[in-house]
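Secondary and tertiary structure notes
Residues per chain, in single letters:
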Amino acid sequence: METAAAFPLRAPPKLVTRLTIVHLVEMILGGILMVFVVLPSIFRFSLVSASFWQIYGRFYVTGLFGTFFYVALTLPLSVVLGFLMGWARVSRIRVFSWPASLYVNVFRGLPPLILVIFASLFGTNLVPQPIMDRFLSGFRRGDIAVGLAAIAIAMHSSAYQAEIFRAGFQSVPKGQQEAAQALGLRPWQGMMHVILPQTFRLSLPPLGNEFAVLIKDTSILAAISGTELVAKSRDLLGILPASGFPIVWIFAVWTVVALTYFVLTYSVTRGLRLLERKFHTPGLESISL
Amino acid sequence: MIRVEDIQKHFGALHVLRGITFDVQKAEAIVIIGPSGSGKSTLLRCINLLVEPDSGKVFIDGVHVNRHGIRHEWVRQQVGMVFQSFNLFTHLTAIENVTLGLTRVKGIPHDQAIEKARKLLARVGLAAKENAYPAELSGGQQQRVAIARALAMDPKAMLFDEPTSALDPEYIREVLDVMAALAREGMTMIVVTHEMGFASNVASRILFMDAGKIIEEGTAEDIFQNPKEDRTRSFVSKILR
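What you are looking at is a predicted structure, and each value in this text was computed from that prediction instead of being measured.

What follows is about the overall build of chain A. Helix and strand counts for chain A come out as eleven helices and zero strands. Its helices and strands taken in sequence order, chain A reads α-α-α-α-α-α-α-α-α-α-α from the N to the C terminus. Seen through its principal axes, chain A has C-alpha atoms that stretch 75 × 55 × 35 Å. Burial statistics for chain A: of 289 residues in total, 41% are counted as buried. Roughly 15,900 Å² of accessible area belongs to chain A as shown, and the carbon and sulfur atoms make up 70% of that amount. Charge centroids of chain A, computed over 23 positive and 12 negative side chains, lie 1 Å from each other.

On to the sheet that holds strand β4 (residues 55-60) of chain B. Residue and element names in this part refer to chain B. One open sheet accounts for four strands, arranged β2-β1-β4-β5; its pairing is antiparallel. Edge strands, defined here as strands with exactly one partner in the open sheet, are β2 (14-24) and β5 (63-64). Here eight bridges tie strand β1 (residues 2-11) to β2, and the two strands are oriented antiparallel to one another. Within β2, the residue paired with Q8 across the bridge is R18.

Residues and elements named next belong to chain B. Reading across from one edge, β6-β7-β8-β3-β9-β10 is the order of the six strands in this open sheet, with mixed pairing throughout. What marks the edges here is a single partner per strand, and that holds for β6 (79-82) and β10 (213-218). Between one strand and the next, the sheet's axes are offset by a mean angle of 20°, whatever the strand orientation. Here strand β7 (residues 157-161) pairs with strand β8 (residues 188-192) via five bridges, running parallel. Looking at the pairing, L159 lines up with I190 of β8.

Let's shift gears to the interface of chain B and chain A. Each side of the interface is counted separately: chain B has 34 residues, and chain A has 27 residues. Summed over both partners, the interface of chain B with chain A buries about 2,700 Å², with 61% contributed by carbon and sulfur atoms. For the pair chain B and chain A, the interface holds six residue pairs in polar contact (both at pLDDT 80 or more). Among the elements of the structure, α2 (72-78), β6, α3 (94-104) and α4 (110-123) of chain B are those that each provide at least two residues to the side of chain B that touches chain A. Counting residues per element, the side of chain B that touches chain A draws most heavily on α3 of chain B, at five residues. Here the residues of the side of chain B that touches chain A sort into 14 nonpolar, nine polar and eleven charged.

Under the defined criterion, the tally for this structure stands at 17 aromatic pairs over all chains. Relative to Y70 of chain A, the ring of F69 of chain A has its centre 5.2 Å away and its plane inclined at 70°; by these criteria the two rings are edge-to-face. Between F208 of chain B and F235 of chain B, the aromatic rings sit 5.3 Å apart at their centres with planes inclined by 35°, giving tilted as the arrangement. Separated by 27 residues along the polypeptide, F208 of chain B in strand β9 (residues 205-210) and F235 of chain B in helix α9 (residues 230-240) bring together distant segments of the chain. The buried category is assigned to F208 of chain B, whose relative accessible area is 1%.

Right, let's talk about the pattern of salt bridges for a bit. With the rule as written, the count across this model stands at 23 salt bridges over all chains. Through salt bridges with shared partners, one network takes in R89, R108, E163 and R166 of chain A.

This part takes up the packing of α3 of chain B against helix α5 (residues 139-151) of chain B. Residues and elements named next belong to chain B. Relative orientation of the contacting elements α3 and α5 amounts to 25°, with a least axis distance of 8 Å. With respect to each other, α3 and α5 are oriented roughly parallel. The crossing of α3 and α5 is right-handed. Contacts between α3 and α5 involve A94, N97 and V98 from the first element and V145, A148 and R149 from the second. Classifying every residue of the contact of α3 with α5 gives four nonpolar, one polar and one charged.

As for its placement among the helices and strands, T90 of chain B is situated in the loop between β6 and α3. Judged by relative accessible area, T90 of chain B falls into the buried class, the value being 16%. The contacts of T90 of chain B, once residues within four sequence positions are left out, are Q176, Q198, T281, P282, G283 and L284 of chain A together with Y133 and P134 of chain B.

This brings us to the pairing of strand β3 (residues 29-33) of chain B. All names here are of chain B. The element β3 is largely enclosed, with a buried count of five among its five residues. What you see with β3 is no split at all: A29, V31 and I33 on one side and I30 and I32 on the other are buried throughout. Sheet topology places β3 next to β8; four bridges connect them, and they run parallel. Within β8, the position partnered with A29 by the bridge is M189. Bridge analysis of β3 against β9 gives four bridges, and the strand direction is parallel. Paired with I32 across the strands is L207, a residue of β9.

Our focus in this paragraph is the nonpolar core. The tendency in soluble globular proteins is for nonpolar side chains to be buried as a group. Residues and elements named next belong to chain B. In this structure, I147, M158 and M189 are the most contacted members of the largest nonpolar core, which totals 52 residues. If one sorts the elements of this core by residue count, helix α6 (residues 169-184) sits on top with eight residues. In this view, M189 contacts E28, A29, I30, M158, F160, M179, L182, A183 and F198; residues no more than four positions away in its chain are not counted.

Turning next to the environment of A145 of chain A. Residues and elements named next belong to chain A. Relative to the assigned elements, A145 resides in helix α6 (residues 141-171). Taking the C-alpha atoms as reference points, A145 and I220, 75 residues apart in sequence, are found 14 Å from one another. Apart from the residues lying within four places of it in its own chain, the contact partners of A145 are A119, S120 and T124.

Conventions adopted
Residues numbered from 1 in each chain as written. Chains lettered and ligands numbered in written order. Predicted model: local features only at pLDDT ≥ 70, side-chain atom pairs only at ≥ 80, totals over all residues. Heavy atoms only, no water. Helix = DSSP H or I, 4+ residues; strand = E, 2+ residues; numbered from the N terminus. Buried < 20%, exposed > 50% of the residue type's maximum accessible area, 1.4 Å probe, protein only. Areas by Shrake-Rupley, 256 points an atom, 1.4 Å probe, with all protein chains shown as cover. Lys, Arg positive; Asp, Glu negative; His and termini not counted. Charge placed at Lys NZ, Arg CZ, Asp CG, Glu CD. Pairing = 2+ DSSP bridges. Axes fitted to C-alpha atoms, helices over the stretch in contact; angles between N-to-C directions. Contact = heavy atoms within 4.5 Å. Buried area = accessible area lost by both parts, 1.4 Å probe. Polar contact = N/O pair within 3.5 Å; in protein donor to acceptor, adjacent residues only side chain to side chain. Nonpolar A, V, L, I, M, F, W, Y, C, P; charged D, E, K, R; others polar. Phe/Tyr/Trp six-rings, centres within 6.5 Å; stacked < 30°, edge-to-face > 60°. Salt bridge = Lys/Arg side-chain N within 4 Å of Asp/Glu carboxyl O. Parallel < 35°, antiparallel > 145°, perpendicular 65-115°, else oblique. Left-handed = near helix turned anticlockwise from the far one by under 90°. Core = buried A, V, L, I, M, F, W, Y, C linked by side-chain atoms within 4.5 Å.

Here it is in structure tokens:
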């Protein structure tokens, strides 16, 4: 006799398909072609030159870790904020929906560069003194300013994510909550087990798009000299004349920066595509960008 | 089993139910007919309190349920509901749709819930479809899963809100057959439908509603062949044609 455990429910969808592998091989081949053939033949420089990395290497690694740090800070923060704001926006309770609308419209309506400038110039004044003393006393004021600027970028992105989640919530038909209640589920159980899983699936594809934007937007922190990839690369160019750096390497530096952002955003969107596939459900597809 | 006493319901300026009173005995199958906008769906929703009546009383198995101190969730476990648009949970397979209430509301262990759900799916003729998502099922199959989902809670009565109105003609039969079988097994049910064949063969009584009131009540023969009220006669002549 078969038991429930021995007779599994529907098998999960295949995550890594032939297409995934084809894509990956294409990207790697394209990258190799670019670095070893296109760049050397057209611009007469190679990205694998030891003397180039000897000078640029330290700047690159510091900058890359900075970028990782700001992505790791802003991405989760923006998802949490965006989700809460999107949820609040569809709330029937005005006290939730109205401030959420204001939040979305303000942070979506201002350029991230302006938000970053404001946050770095005046942000520290907004942090209550007790919090400054208690938690942030070990940091330099400049670093706190950059941290606040990063949070401003997260808030900008969260405004867009709030709209994604709002659309996700509104795409779930009203009958779903009604059916949940008719079964005797409490409203929060209907939310947990019926509405949110569907919202989540519908929001995943557009979220991947927004994540790519956010990762690239962290480069705006260079405007206030945050320690990240663009700023560090620019720093190097400042000391160039003294270091005997061939002029064509300026182009090499920015090519490396561009490729790095590309690899970062590409892997994040691909990773999300895997998630999408894992949770794929017939009837709950949304358009993938 | 179910008693409704002088129910009134307004939606804003709209007076949807204007004093509805009726009784449903145990194992009885009642069919409610009437023009759209007459308040049939609202009446069903008042019984399981998806819609709260403005005034009047609803009794289920002798318990006055629309009063303070009675949890809505408890009431809804007593009466199952089947919707016009099925409302199956899109992200769950057929069997998961049936087990959700069992595990989350009744707190039944997963294995036992699966076992029970399999029996119910077999009962509505869908044992082979347990792993299909709603989008992979026909309308008729979805509605039968919805019936199994409602039955899983062991309700004392079942409410059907135009269960075949959204179906392509070829699927209506399979759903009505399941409902007729339920009625034969002694399930108490209230069905809003315009399926006259079903009303004639299965219903113990038919209520005709118009403009928020019960206009006439009687057996299929009374209502379809010898309606007393003009409004009943004119409605019946339209749907029987």
